[in-house]
Amino acid sequence: MDKGFDRVADLVDYLAQTQAALPIWIQISATHQDAHSAQVRSQIARLKHSRYLHQTLIESTLSPPDYQALFAGGISLQPYSEVDFADRVSGVTLDALLAGCPVIVTANTWLGRMVVKHNAGIATSDLSPSGLHRAITRIANDYEAYSQRAVMAGAVLSQQHSAASMMRVIFENEVDHDV
């Protein structure tokens, strides 16, 4: 739920009500703990009973190539909790950017700061269904430019967060206690 799963379900309801035709894929497979919380199960049931014809629910864990394929030509929606992700990195965000997939993320988070810095998507505080739909539409209207910036952001961020970069930071900041 910290990743805004309920907000995604709200968006699907909104898309159904407004008779939109926006395709949306949602992975609903269980986590590495092989179980969903009651809250997540409730949202999955909601999605399964939705009247939105343009959603695809992915119920199994994807292979790495199938996971990567979801980013092609897509927009990654990540309405994560502002509190939980204030300074937290998301592997999904980095994967999306590396694939040239613009992202919509929550403002006032590390993810939001990176998206704004690189103009690789939209960071928003309006996580309402209409707010998310506006963000999707804005990116879709200038998709190629957002996608190109996403690729550049992915390259910069993957370099900054590589194992070699982390080791360099650790050893550069190491204090010599023998002095």
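Whatever comes next refers back to the structure up there.
The notes below deal with the structure included here. (Residues numbered from 1 in each chain as written. Predicted model: local features only at pLDDT ≥ 70, side-chain atom pairs only at ≥ 80, totals over all residues. Heavy atoms only, no water.)

## Considerations on the nonpolar core
- In this structure, Phe 5, Ile 26 and Leu 47 are the most contacted members of the largest nonpolar core, which totals 23 residues.
- For this core, the leading source of residues is helix H1 (residues 5–17), giving 6 residues.
- Apart from residues lying up to four places away in sequence, Leu 47 is in contact with Phe 5, Ala 9, Val 12, Ile 26, Ile 28, Gln 55 and Leu 57.
- Grouped together as the second largest cluster of nonpolar side chains are 17 residues, Ala 96, Val 103, Leu 111 and Met 114 included. (Core = buried A, V, L, I, M, F, W, Y, C linked by side-chain atoms within 4.5 Å. Buried < 20%, exposed > 50% of the residue type's maximum accessible area, 1.4 Å probe, protein only. Helix = DSSP H or I, 4+ residues; strand = E, 2+ residues; numbered from the N terminus. Contact = heavy atoms within 4.5 Å.)

## Considerations on the packing of H1 against helix H6 (residues 129–140)
- At a minimum axis separation of 9 Å, H1 and H6 run at an interaxial angle of 80 degrees. Judged by the angle between their axes, H1 and H6 are roughly perpendicular. Note on element contacts: H6 touches H1 through Pro 129, Ser 130, Leu 132, His 133 and Ile 136, opposite Arg 7, Asp 10, Leu 11, Tyr 14 and Leu 15.
- Among the residues forming the contact of H1 with H6, the class breakdown is 6 nonpolar, 2 polar and 2 charged. (Axes fitted to C-alpha atoms, helices over the stretch in contact; angles between N-to-C directions. Parallel < 35°, antiparallel > 145°, perpendicular 65-115°, else oblique. Nonpolar A, V, L, I, M, F, W, Y, C, P; charged D, E, K, R; others polar.)

## Regarding the packing of aromatic side chains
- Scanning the model with the defined rule gives 2 aromatic pairs in all.
- Between the aromatic rings of Tyr 67 and Phe 71, the centroid separation amounts to 5.1 Å while the plane-to-plane angle is 80 degrees, which identifies the pairing as edge-to-face.
- By relative accessible area, Tyr 67 is classed as partly exposed at 22%.
- You can call Phe 71 buried: its relative accessible area is 6%. (Phe/Tyr/Trp six-rings, centres within 6.5 Å; stacked < 30°, edge-to-face > 60°.)

## Some remarks on the side chain of Ser 147
- Secondary-structure assignment places Ser 147 in helix H7 (residues 143–160).
- Ser 147 has contacts with Gly 100 and Pro 102, leaving out every residue within four places of it along the chain.

Without other data, these values stay purely geometric and don't point to any function.
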